[in-house]
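Structure at a glance
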Amino acid sequence: MDGWQIALAIGAAIAAALSWREPRGIAWIIAGAASFIATDSYEAAGWPYHAIVTGFFDAGVCLLIYFFAAYRWEMWLYRIFQTSVFVSLLRASGFIDSHYAYIVALEVCNWAALLVIGGTAIGERVDARMALHRPARGRFRRAVATLRQARRSPPFTKVP
Amino acid sequence: MDPVGALISKLLGALGGAFLALVFIPPQGWREFLSRGSGSIVAGIIFAPVVKSYLGWATDVESMMAAGAIAAFAAWPVMGIMTALARSRERKAREADPPGE
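One numbering rule holds for all chains: residues counted from 1, following each sequence as written. Working convention: letters from A go to chains and numbers from 1 go to ligands, in the order in which they are written. In keeping with the predicted nature of the model, local features appear solely for residues at pLDDT of at least 70, side-chain atom pairs appear and are counted solely at 80 or more, and the whole-chain, interface and lining totals rest on all residues. The basis for every side-chain value is the complete set of heavy atoms in the structure, and neither hydrogens nor water enter the calculation.

**Brief notes about the overall build of chain B**
Stated precisely, the cut-off is as follows: Going along the chain from the N terminus, every DSSP run of H or I of four or more residues is numbered as a helix, and every run of E of two or more is numbered as a strand. With a 1.4 Å probe rolled over the protein chains alone, any residue whose accessible area is under 20% of its type maximum counts as buried; one over 50% counts as exposed, and the rest are partly exposed. Residue contacts are counted whenever heavy atoms from the two residues lie within 4.5 Å of one another. Shrake-Rupley sampling with a 1.4 Å probe provides the accessible areas, and residues are treated as covered by the protein chains on show and by no other component.
Per the secondary structure count, chain B includes three helices and zero strands. With the C-alpha coordinates aligned to their principal axes, the bounding extent of chain B is approximately 60 × 25 × 20 Å. The burial tally for chain B puts 33% of its 101 residues in the buried class. Long-range contacts, defined as pairs at least 24 residues apart, comprise 72% of the intrachain contacts of chain B with a sequence gap of at least 6. If you sum the accessible surface of chain B, you get close to 6,300 Å²; carbon and sulfur atoms cover 68% of it.

Spelled out as structure tokens, the structure:
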């Protein structure tokens, strides 16, 4: 493992620790980690078309989130993984020439996902403490409440 | 390339393209999913050789799969646009000539 991967693993562990009361957050961290490990192993094995395979694995996680997400913060994760798939498609089609630029773009998506998961968990804990001392709904508490709202549209499998 | 191999390559590519298109443009119901999915896969199979010749690719398995994927991926939103246009025309026709009058 190189430094970037170790940093990402530490970030994922911190986000998972912060989300220990939120099993959905931990589930998405595990799904993202599984995708990362699979694609990294594929690249390490030296097999071709790494960008396409990465795109398909991220698309799989993206669709898992789409079908099973219940809250708005999870739909943010869905958008982040969509961006990750798009980056892989750009790399596969040659629009992103530099391997370094591709890796950096994917790392940005990974860290954004961890920030959403960890940030939501932190926000909820702060909100719970504020509820004790400041019951009135300020801007921060309204923002946290928005993240916890149900997603705006259900997956197409649940549309009557 | 033998015809069966070409068809399988195109089909696999079209399935991959439709799968990726599903990520970016989720349908709004089962009916739309089935119509977009089937149309996308069929378009991928039919237009894969067109895409391949337009891009100047060789006739091998990978190029055929990639061409099928591109054709299917592009067909998904096009089908949505055509459906929206058809519904808009139907609505305008119904407003211009309401039933029962």
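**Here we look at the side chain of A:Ser84**
Mapping A:Ser84 onto the fold places it in helix H4 (residues 72-92). If we skip the residues at most four places from it in the chain, A:Ser84 touches A:Asp58, A:Leu106 and A:Cys109.

**Here we look at the nonpolar core**
In a soluble, globular protein the nonpolar side chains are often hidden away together inside. Stated formally: For our purposes a nonpolar core is just a set of buried Ala, Val, Leu, Ile, Met, Phe, Trp, Tyr and Cys residues, chained together by side-chain atoms within 4.5 Å.
Formed by 33 residues in total, the largest nonpolar core has its most connected members in A:Trp28, A:Ile65, A:Trp73 and A:Leu77. The set of elements that each furnish at least two residues to this core consists of helix H1 (3-18), helix H2 (23-44), helix H3 (50-68), H4 and helix H5 (99-133) of chain A together with helix H1 (3-24) of chain B. When near neighbours in sequence (up to four residues on either side) are disregarded, A:Leu77 contacts A:Trp28, A:Ile65, A:Ala113, A:Val116 and A:Ile117.

**Notes on the interface of chain A and chain B**
The figure often quoted for interface size is the accessible area lost as the parts come together. How we decide: As used here, buried area is the combined drop in accessible area, with a 1.4 Å probe, of two parts when they are placed together. Whenever a carboxyl oxygen of Asp or Glu lies within 4 Å of a side-chain nitrogen of Lys or Arg, that contact is scored as a salt bridge. By the criterion applied in these results, polar contacts are pairs of N or O atoms within 3.5 Å in which, for protein atoms, one can donate a hydrogen and the other can accept it, and in which residues neighboring in sequence qualify only through two side-chain atoms. Ten residues, namely Ala, Val, Leu, Ile, Met, Phe, Trp, Tyr, Cys and Pro, are considered nonpolar, four, namely Asp, Glu, Lys and Arg, are considered charged, and the remaining ones, Gly among them, are considered polar.
Counting residues at the interface gives 16 residues for chain A and 14 residues for chain B. Roughly 1,300 Å² is buried in total at the junction of chain A and chain B, and carbon and sulfur atoms are behind 79% of that figure. Among the residues chain A hides against chain B, the three largest losses belong to A:Phe56, A:Leu63 and A:Phe156. Together they make up 43% of the total. Taken together, chain A and chain B are joined by zero salt bridges. The interface formed by chain A and chain B holds three residue pairs in polar contact (both at pLDDT 80 or more) in total. At the level of secondary structure, the elements contributing two or more residues to the side of chain A that touches chain B comprise H3 and H4 of chain A. For the side of chain A that touches chain B, the leading source of residues is H3(A), giving seven residues. Broken down by class, the residue content of the side of chain A that touches chain B amounts to 12 nonpolar, four polar and no charged.

**Details of H2(A)**
All names here are of chain A. Stated formally: Every helix has an expected span of 1.5 Å times one less than the residues it contains. The directions considered for the arc are those from the helix axis to the C-beta atoms.
Its 22 residues give H2 an end-to-end C-alpha distance of 31 Å, which sits within 8% of 32 Å, the value for a rise of 1.5 Å per residue. Those residues of H2 lying buried are Gly25, Trp28, Ile29, Ala31, Gly32, Ser35, Thr39 and Tyr42. Relative to the axis of H2, the buried residues are bounded by an arc of 160° and lie together on one face. Turned more than 90 degrees away from the buried face of H2 sit Pro23, Ile30, Ile37 and Ala44, all of them exposed. Residues of H2 that are buried in the fold lie against H1, H3, H4 and H5. Gly46, located one to two residues past H2, shows a positive phi value of around 80°.

**Structural notes on the pattern of salt bridges**
In this structure the tally under the stated criterion is five salt bridges over all chains. A salt bridge links A:Glu22 to A:Arg148, with the shortest nitrogen-to-oxygen separation between them at 2.9 Å. You can see A:Glu22 sitting in the loop between H1 and H2 and its partner A:Arg148 sitting in the segment after helix H6 (139-147), a full 126 residues away along the chain. Judged by relative accessible area, which is 11%, A:Glu22 ranks as buried. A salt bridge links B:Arg94 to B:Glu90; its shortest N-O distance comes to 3.3 Å. Of this pair, B:Arg94 and B:Glu90 both sit in helix H3 (residues 61-96), four residues apart, roughly one helical turn. Salt bridges sharing partners connect three or more residues here, namely A:Glu22, A:Glu124 and A:Arg148.

All we've got here are geometric facts, nothing functional implied.
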